[in-house]
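Descriptive structure summary
The primary structure of each chain is shown beneath.
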Amino acid sequence: MKKPERPQPPTRPLDAPSAPKFTRLDGKPGAVPPVNTDGDYVIGPDYLPAPETKVVPGVPQGKVQQFQIDSKDCKLFNPGIAREVFGIVDPKNPKTLIVETHPVDYKRTVTVYVPAQYSAGTAAPFIVTHDGPGMGKPDMNLARILDNLIAQKRVPAMVAIMISSGGGDAQGHERGREYDTMSGLYAEFIENEVLPLVEKNYSVKLTKDPEGRATMGNSSGGSAALAMAWYHPDLYHRVLTFSGTYVNQQWPFNPETPDGAWGFHNKLIPESPVKPLRIWMAVGDRDLLNPNVMRDNMHDWVEANHRMAKVLKAKGYHYQYVYCLNAGHGIGPARPQILPQALEWLWQGYAAK
């Protein structure tokens, strides 16, 4: 059966009633916010890739390598799950779906960038990214940016660990179980089952200092990035998200976090003591709006990110929020313009111990 086409999300104006008050950098292709300030910024609608996205002659290039992890060799997320159909809204609870799943085995690709400046035996800072590339298809964009930023001493000489999900998307699939679940479980999986293999396979030592650990993701990978740091501030202090899925997509339903990742801005952040986190976020003005059967008023990605920015500001967090005009989910052409700046902002204040 052919799926019905989703309607295109509407363009949400930058001065909508729910939007934070933005500092305007729009109308200036290539413009990015300062790296030493917090707050809310708007860019676009036209974009230029940052010069740091290009290979620069003479700049030392790090090494990018890949390996795979078989789910059958793992303690957590073994086996994986998958669904046949999307599911239906639970008539007893409109905040969740009834989904039929079945177990699956899968292989997870891990792509590792080690900078040319890494000194053997030293504890390296690192960034974990979600939705990493597949085997044999290493995405070199992040590696190029890090090569240039490290050479210019704008970020520390960090290792990048790009981890693919267990497959599928959203409720009932392995990726949804890993990324949308409101717990520290995925951070624990990475800590105990992925990072030791990275160290073993590539003869690197990864820092234990949470100030030297960052996590980054797009969409549900973004909410996973925040969950890793929120539930384990002992492991991660720096978070970078594009189109973060701060909406109600957790499955199965958990009464302790009944709103899924919508609960970050609705309850958890406002009602919790401030944690030592530094958070960079971006969203597009045409980002997702109610892309499925659920109509719980908790499936607007723009509204969710607006709310995140406002609660982070109210609580006094170090955060930067970038609203990208003429951009959809994942922020499209805005990403190569803004990612180098985002990484530099993210690592402000870092000093190796």
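Attention in this report is confined to the structure presented alongside it. None of the values given here were measured: they were computed from a predicted structure. (Residues numbered from 1 in each chain as written. Predicted model: local features only at pLDDT ≥ 70, side-chain atom pairs only at ≥ 80, totals over all residues. Heavy atoms only, no water.)

The 10 strands lie next to each other as E1-E2-E16-E15-E14-E13-E10-E11-E8-E3, forming an open sheet whose pairing is mixed. Lying at the two open borders of the sheet, with one neighbouring strand each, are strand E1 (23–24) and strand E3 (63–70). Of the strand pairs in this sheet, strand E13 (residues 213–218) and strand E14 (residues 238–242) are connected by five bridges, and their pairing is parallel. Bridged to Asn218 within E14 is Phe242. Sheet strands in contact with helix H4 (residues 220–231) are strand E10 (126–130), E13, E14 and strand E15 (278–284), and its direction is about 155 degrees off that of E13. The strands touched by helix H7 (residues 335–346) within the sheet are strand E2 (39–43), E10, E13, E14, E15 and strand E16 (318–324), with E14 carrying the most contacts at an inclination of about 165 degrees. (Pairing = 2+ DSSP bridges. Helix = DSSP H or I, 4+ residues; strand = E, 2+ residues; numbered from the N terminus. Contact = heavy atoms within 4.5 Å. Axes fitted to C-alpha atoms, helices over the stretch in contact; angles between N-to-C directions.)

It is a general feature of regular strands that their side chains alternate between the two faces of the sheet. In terms of burial, E15 is largely enclosed, as seven of its seven residues are buried. In terms of strand pairing, E14 meets E15 through five bridges, oriented parallel. Of the residues in E15, the one forming a bridge with Phe242 is Ala282. For the handedness criterion, the β-α-β arrangement of E14, helix H5 (residues 262–271) and E15 is classed as right-handed. Across seven bridges, the pairing between E15 and E16 is parallel. Across the sheet, residue Met281 finds its bridge partner in E16, namely Tyr321. (Buried < 20%, exposed > 50% of the residue type's maximum accessible area, 1.4 Å probe, protein only. Right-handed = clockwise from strand over helix to strand, strands pointing away.)

At their nearest, the axes of helix H1 (residues 141–151) and H7 sit 11 Å apart, and the two run at 55 degrees to each other. Overall, the two elements H1 and H7 adopt an arrangement that is oblique. At the point where H1 passes H7, the crossing takes the right-handed sense. Here H1 contributes Leu142, Ile145, Leu146 and Leu149 to the contact with H7, which in turn contributes Leu339, Pro340 and Leu343. Partitioned by chemical class, the residues of the contact of H1 with H7 number seven nonpolar, no polar and no charged. (Parallel < 35°, antiparallel > 145°, perpendicular 65-115°, else oblique. Left-handed = near helix turned anticlockwise from the far one by under 90°. Nonpolar A, V, L, I, M, F, W, Y, C, P; charged D, E, K, R; others polar.)

Moving on: unusual backbone geometry. Omega for the bond connecting Gly44 with Pro45 falls within 30 degrees of zero, at 0 degrees, which places this linkage in the cis form. The topology assignment puts Pro45 in the loop between E2 and E3. The amide bond that connects Asn78 to the next residue, Pro79, takes the cis arrangement and shows omega of 0 degrees. Mapped onto the secondary structure, Pro79 falls in the loop between E3 and strand E4 (80–83). Its identity is not glycine, yet Phe77 carries a phi of approximately 55 degrees, on the positive side.

With that out of the way, let us pick up the environment of Ala19. With respect to the secondary-structure elements, Ala19 resides in the segment before E1. For the pair Ala19 and Thr241, spaced 222 residues apart in sequence, the C-alpha to C-alpha distance is 18 Å. Those residues in contact with Ala19 that sit more than four places away from it in its chain are Leu14, His306 and Lys310.

As far as function goes, none of this settles anything; it's purely spatial.
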